Amino acid sequence: MAKPNTVILVENIPIRFYTEKEEDFISLTDIAKKFNERTDQVILNWLRTRNTVEFLGAWEMLYNQDFNSLNFEGIRNQTGSAAFVLTVTDWVETTGAIGIRAKAGRYGGTFAHKDIAFEFLSYLSPTFKLYVFREFQRLKNEEAAQTKELQGWNLKRALSKVNYLIHTDAVKERLIPPRVAGTKTEGLYYASEADLLNLAMFGMTAKEWRINNPEAKGNIRDNASAEQLLVLANLENLNAEFIRQGFDKEQRLERLNEIAIYQMQLLVSVPGVKELGAGN
């Protein structure tokens, strides 16, 4: 499924592109506006050259196993004649091409795979091509960085959930009286220990956080940073061990808070640790 159009602005020209199956398709129509308002004619002029037809054919044979090479040869043989005209629709319908396509509608136009779009830019202006490539690459780098950060956050969240099981097992084993086990009251013990960790890590309970952040989505841990989740995972393991060692609640809170402060300071102050934590 294709992602919605994204727009980059190059020399005050908005250029749309979208991603489909991890491949980027850039608007040739938007690019052509830089040079002439009659964008269809600009694209037609490019399509009718022999170099363009040969490039499109080579691209399709490399990436499209269903490309009709026989029909492609027929089109290539016509290039160079004064009467030769090739539209995007004709090219796609005749050869089964997938690298370039015409989209109908208000927000439509001619879109092409980025390889083909940059070839189109080479035909129009090598200089403008460099500007477009630079802006396109900048945006893709930002997307990659965001994806890396999100993956790191998700991993820390998953780690936190695994350690939560270790933590709740210790609570069940050492803190919940047998008479309470299996009753509704049992949940109060888990909630109390969860908030003990919240106090140690965030300085507030889940309820207090919700009051202070009424518009936020999710809970206090859903809105935590990757670094906070990493520390929280450590605290859950440590609290489980402190419970088994018989420390009372006040002792555990004081010790866990000290550890949380120390570990967060370490993550913030040591060069490269934050990036390493987000990428693992």
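Residues numbered from 1 in each chain as written. Predicted model: local features only at pLDDT ≥ 70, side-chain atom pairs only at ≥ 80, totals over all residues. Heavy atoms only, no water.

Asks: Please provide a residue-by-residue account of helix α4 (residues 69–78), values included.
Replies: Near the N-terminus of α4, the side chain that reaches the backbone nitrogen of L70, with its oxygen 3.2 Å away, is that of N68. Of the residues one or two after α4, G80 is the one with positive phi, at around 100°. (Polar contact = N/O pair within 3.5 Å; in protein donor to acceptor, adjacent residues only side chain to side chain. Helix = DSSP H or I, 4+ residues; strand = E, 2+ residues; numbered from the N terminus.)

Asks: How would you sum up the packing of aromatic side chains? Please name residues and give values.
Replies: Per the stated rule, a full pass over the model turns up 12 aromatic pairs. Ring centres of F118 and F136 lie 6.0 Å apart, and the angle between their planes is 75°; on these two criteria the pair is classed as edge-to-face. A residue pair is termed long-range when its members are at least 10 positions apart, and F118 in helix α6 (residues 114–124) and F136 in helix α7 (residues 126–174) qualify at 18 residues. For the pair formed by F118 and F136, the shared burial category is buried. Three or more aromatic residues link up through ring pairs in this structure, and these residues are F17, F118, F133 and F136. Above the face of the F25 ring, R101 is positioned so that its terminal group lies 4.1 Å from the ring centre. Directly above the ring of F111 sits K103, whose terminal nitrogen or CZ lies 5.1 Å from the centroid. (Phe/Tyr/Trp six-rings, centres within 6.5 Å; stacked < 30°, edge-to-face > 60°. Buried < 20%, exposed > 50% of the residue type's maximum accessible area, 1.4 Å probe, protein only. Lys NZ or Arg CZ within 6 Å of the ring centre and 35° of its normal.)

Asks: Can you lay out the nonpolar core for me, pointing to particular residues and giving the numbers?
Replies: The biggest cluster of nonpolar side chains holds 35 residues, and the ones touching the most others in it are I15, L28 and W91. The element best represented in this core is α6, accounting for 5 residues. Excluding its chain neighbours within four sequence positions, the residues that come into contact with I15 are T6, V7, I8, V10, I26, S27, D30, I31, F128 and V132. Counting residues in each nonpolar core, the second largest holds 18 residues, with L235, L256, A260 and L267 among its members. (Core = buried A, V, L, I, M, F, W, Y, C linked by side-chain atoms within 4.5 Å. Contact = heavy atoms within 4.5 Å.)

Asks: Go over the sheet that holds strand β2 (residues 13–20), please, and point to the residues and values.
Replies: Pairing between the strands of a sheet comes from backbone hydrogen bonds, and it takes one of two forms, parallel or antiparallel. Here we have 5 strands laid out as an open sheet, ordered β1-β2-β3-β5-β4, and antiparallel in their pairing. Taken across any chain shown, the strands that pair with only one partner, and hence form the sheet edges, are β1 (6–10) and β4 (100–103). With strand direction ignored, the average angle separating the axes of adjacent strands in the sheet is 30°. In terms of strand pairing, strand β3 (residues 23–27) meets strand β5 (residues 109–113) through 3 bridges, oriented antiparallel. By the bridge assignment, S27 is partnered in β5 with F111. (Pairing = 2+ DSSP bridges. Axes fitted to C-alpha atoms, helices over the stretch in contact; angles between N-to-C directions.)

Asks: Which residues make up the pattern of salt bridges, and what values do they have?
Replies: Taken as a whole and judged by the stated rule, the model has 13 salt bridges. Between D30 and R16 there is a salt bridge, with the nearest N and O atoms lying 2.7 Å from each other. Residue D30 is found in helix α1 (residues 28–32), and its partner R16 is found in strand β2; the two are separated by 14 residues along the sequence. Here D30 matches R16 in class, with each residue buried. The partner of R101 in a salt bridge is E20, and the shortest N-O contact between them spans 3.2 Å. Within this pair, whereas R101 is found in strand β4, its partner E20 is found in strand β2, the two being separated by 81 residues in sequence. (Salt bridge = Lys/Arg side-chain N within 4 Å of Asp/Glu carboxyl O.)

Asks: Lay out the side chain of D24 in plain terms, naming residues and giving numbers.
Replies: Along the chain, the position of D24 falls in strand β3. Polar contacts involving the side chain of D24 include one to the side chain of K140, which spans 3.2 Å. Discounting chain neighbours no more than four positions away, the residues touching D24 are F17, Y18, T19, A112, H113, K114, F136 and K140.

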